[in-house]
Amino acid sequence: MEWTKEQRYRRVEEVSSEEMKELTEKVNSCQWRQTFHIQPPTGLLNDPNGFSYYNGEYHLFYQWFPLGPVHGLKYWYHTKSKDLVHWENVGIGIHPDTEFDSHGAYSGSAIEYDGKLHILYTGNTRDENWIRHPYQCLAIMGEDGVVKKSDQPIIAEVPAGYTDHFRDPKVWEEGNVLYTIIGAQRENETGCVLLYSSSDFRNWKLEGEIQTELEQFGYMWECPDYFELDNQGVLIFSPQGLEAEEDCYQNIYQSGYLLGDKLDVSNRLFTHGEFIELDRGFDFYAQQTMQTPDGRRILVGWMGLPEIEYPTDRNEWAHCLTLPRELSVRDGKLIQQPVKELQALRGQQSKAADTINNQTKVYTGFSGTAYEMICEFENQDAVEFGLELRAGKQEKTVIKYDALQKKIVLDRTASGEEVGMLYGTTRKCSLDARKIKFHVFVDTSSVEIFINDGEEVFTSRIFPRNHSEEIRFFAREGQVSFQAVKWEREQMLGQAERSSEELVCR
Ligand code: FRU
């Protein structure tokens, strides 16, 4: 079905509760609803927004079009958690209902300031000729959870030299100064980020462009993020318009980081190493980070990409967020590990250890559609070895080490229903190691695979049949030894049982 402009810009507030109920039933009857990931009650989820800690809880909003699996009028949907694991659906956090965000409350970020959660976001507007005019807006949430918008935008103009692709403010505080970086496009149609500063959250001064060594690197940098970790500066962003290169940049749009010296805010100079992709899988984009009260830097991404159809579209919903990952720096690389809090969801445990030789084997307790598993392979002379997940008669999702090419390979050729075929069915990255460890999170329609303690991550949606639930271990042309432990996942509480009306209204 083609969605008309009217349908895309229909307001959820005007939809009857019967219609919402029907929509919710259609969504809930989908065989691919997740069990421990944040997913939209109906409609389409995209970027994580306003990821923060405030008033004793984590807050994580997301871009939301409530009425179907398309990019239409965007709201911010609000979820919160005390432990980064059990998330409660709160309801709509920001409605696109003013002249400065009439065509969508687009992405942004939040930090606590002056005892309140201060949210910066992009108000997307279109004029009568459908020309875009972005505003950077402020909204403030108090302890009562009510979000109030400031009546004027805090940045009302796109600065000279840049186009209307100007969005996604990420705010932080350093000393007594507030900074925000905003994704932008220069008039020559190359991407970059702009730095602003403020002393009060209301008046913002343009400092200028962050000076990177990537002058010509795609046509737009979405969702930038800057933070310091282990005495280094990290600039994360999602560039659009990169050509695929060998194993890199295989998805429609990319997401990655530059690791370097701390940003010198006086001249905005950022000296850094090469651009490295954050995730090697098929479905990852528009990530955002926050700092926990105990000082950890945590990242959540959108487990999806724009402009690609997904099988869940038929049930009127699309996408979910990734699990939260803790970031650290090791040997000049950003390392990503699932947050330790996720261990709280570990249920019944199974173990296996074996040496397999040119064969594929299954073990008691090793099957399922929602689980966590850690598997360490060593002493191999096999040419390749690995795991088949969500495997059935015709289906399997394969993660393996190709010891000849020294590459990790994720293969979703036979994962189930097809998705994003235009962009291929395998993803690879180089890794030279004697021991290979896969830390796997499988949910009904996704895999997140952390390799060698977070050196690489492969995140992907998959759409297998319900009964494709075997876990198989294999070695080809030689042998490998492994040890594996697997935990059933307890269901993530809080999401399931609420009515559609409750989900939409506060
Ligand atoms: C990234 C993005 C952002 C924008 C938002 C709109 O996926 O395009 O740049 O703010 O989505 O939903």
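Residues numbered from 1 in each chain as written. Predicted model: local features only at pLDDT ≥ 70, side-chain atom pairs only at ≥ 80, totals over all residues. Heavy atoms only, no water.

## Quick notes on the pairing of strand 20 (residues 325-330)
Here comes step 1: Residues R325, L327 and V329 of strand 20 are buried on one face, while the alternating residues E326, S328 and R330, pointing to the opposite face, are not.
Here comes step 2: The pairing of strand 18 (residues 297-302) with strand 20 spans 3 bridges and is classified as antiparallel. Pairing of R297 across the sheet is with L327, part of strand 20.
Here comes step 3: Pairing geometry for strand 20 and strand 21 (residues 333-338), over 6 bridges, is antiparallel. Bridged to R325 within strand 21 is P338.
Here comes step 4: A loop of 2 residues connects strand 20 with strand 21, the two strands running antiparallel in sequence, and D331 in this loop sits at a positive phi of about 45°. (Buried < 20%, exposed > 50% of the residue type's maximum accessible area, 1.4 Å probe, protein only. Helix = DSSP H or I, 4+ residues; strand = E, 2+ residues; numbered from the N terminus. Pairing = 2+ DSSP bridges.)

## Examining the site of the ligand
Here comes step 1: In the vicinity of the ligand, the contacting residues are N46, D47, Q63, K74, Y106, S107, R167, D168, E222, Y285 and W302.
Here comes step 2: N46 places a polar side-chain atom, nitrogen or oxygen, 3.0 Å from an oxygen atom of the ligand.
Here comes step 3: At 3.1 Å from an oxygen atom of the ligand is found a main-chain nitrogen or oxygen belonging to S107.
Here comes step 4: Taken by itself the ligand offers 320 Å² of open surface, and the protein chains cover 91% of this.
Here comes step 5: Where the shell around the ligand is concerned, the elements lending two or more residues are strand 1 (43-54), strand 5 (105-113) and strand 9 (162-174). (Near = heavy atom within 4 Å. Polar contact = N/O pair within 3.5 Å; in protein donor to acceptor, adjacent residues only side chain to side chain. Areas by Shrake-Rupley, 256 points an atom, 1.4 Å probe, with all protein chains shown as cover.)

## Observations regarding the sheet that holds strand 2 (residues 57-65)
Here comes step 1: Taken together, the 5 strands give an open sheet; going across it, the order is 4-3-2-1-19, and neighbouring strands pair in mixed fashion. Whereas interior strands pair on both sides, the edge strands pair on one side only; in this sheet they are strand 4 (87-94) and strand 19 (317-318).
Here comes step 2: As paired elements, strand 1 and strand 19 share 2 bridges and run parallel to each other. Directly across from L44, in strand 19, lies its bridge partner A318.

## Structural notes on unusual backbone geometry
Here comes step 1: Positive phi outside glycine occurs at D168, with the angle close to 75°.
Here comes step 2: Mapped onto the secondary structure, D168 falls in strand 9.
Here comes step 3: The backbone phi angle of N231 is positive, close to 65°, even though this residue is not glycine.
Here comes step 4: We classify N231 as exposed; its relative accessible area is 62%.

## As for the sheet that holds strand 7 (residues 132-141)
Here comes step 1: Taken in spatial order, the 4 strands line up as 5-6-7-8 in an open sheet, and their pairing is antiparallel. The open sheet has two edge strands, strand 5 and strand 8 (147-149), and neither has a second partner. Geometrically, the sheet is characterised by an average inter-axis angle of 25° between neighbouring strands, direction not taken into account.
Here comes step 2: As judged from the 7 bridges shared by strand 5 and strand 6 (residues 116-126), these two strands associate in the antiparallel manner. (Axes fitted to C-alpha atoms, helices over the stretch in contact; angles between N-to-C directions.)

## Regarding helix 2 (residues 17-28)
Here comes step 1: The end-to-end C-alpha distance of helix 2 is 16 Å, a good match for the 16 Å that 12 residues give at a rise of 1.5 Å each.
Here comes step 2: Within the sequence span of helix 2, burial applies to M20, L23, T24 and V27. In a view along the axis of helix 2, the buried residues occupy a sector of 100°, so they form one face of it. Away from its buried face, by an angle of more than 90 degrees, helix 2 presents the exposed residues E18, K21 and E22. (Expected span 1.5 Å × (residues − 1). Arc of directions from axis to C-beta.)

## As for the pairing of strand 1
Both faces of the sheet carry side chains from a regular strand, because those side chains alternate between them.
Here comes step 1: The element strand 1 is extensively covered by neighbouring structure, given that 11 of its 12 residues are classed as buried.
Here comes step 2: By the bridge criterion, 7 bridges tie strand 1 to strand 2 in an arrangement that is antiparallel. Pairing of S52 across the sheet is with H59, part of strand 2.
Here comes step 3: Where strand 1 hands over to strand 2, the hairpin turn is made up of 2 residues, of which N55 adopts a positive phi near 55°.

## Quick notes on the packing of aromatic side chains
Here a ring pair, both rings aromatic, is described through the centre-centre distance and the interplanar angle of the planes.
Here comes step 1: In the structure shown here, the tally under the stated rule is 33 aromatic pairs.
Here comes step 2: Where F100 meets Y135, the ring centres are 5.0 Å apart and the plane angle is 75°; that geometry is what we call edge-to-face. One end of the pair, F100, is in the loop between strand 4 and strand 5; the other, Y135, is in strand 7, and 35 residues separate them in sequence. Here F100 and Y135 have matching classes, each one buried.
Here comes step 3: When the centroid spacing of 5.2 Å and the interplanar angle of 85° are considered together, the rings of Y363 and F473 count as edge-to-face. Note that Y363 is positioned in the loop between strand 22 (346-361) and strand 23 (371-378) and F473 in strand 31 (residues 470-489), a separation of 110 residues in sequence. An identical accessibility class is assigned to Y363 and F473; each is buried.
Here comes step 4: Of the aromatic side chains, those joined through ring pairs into one cluster are Y363, F366, F377, F385, Y401, F438, F473 and F482. (Phe/Tyr/Trp six-rings, centres within 6.5 Å; stacked < 30°, edge-to-face > 60°.)

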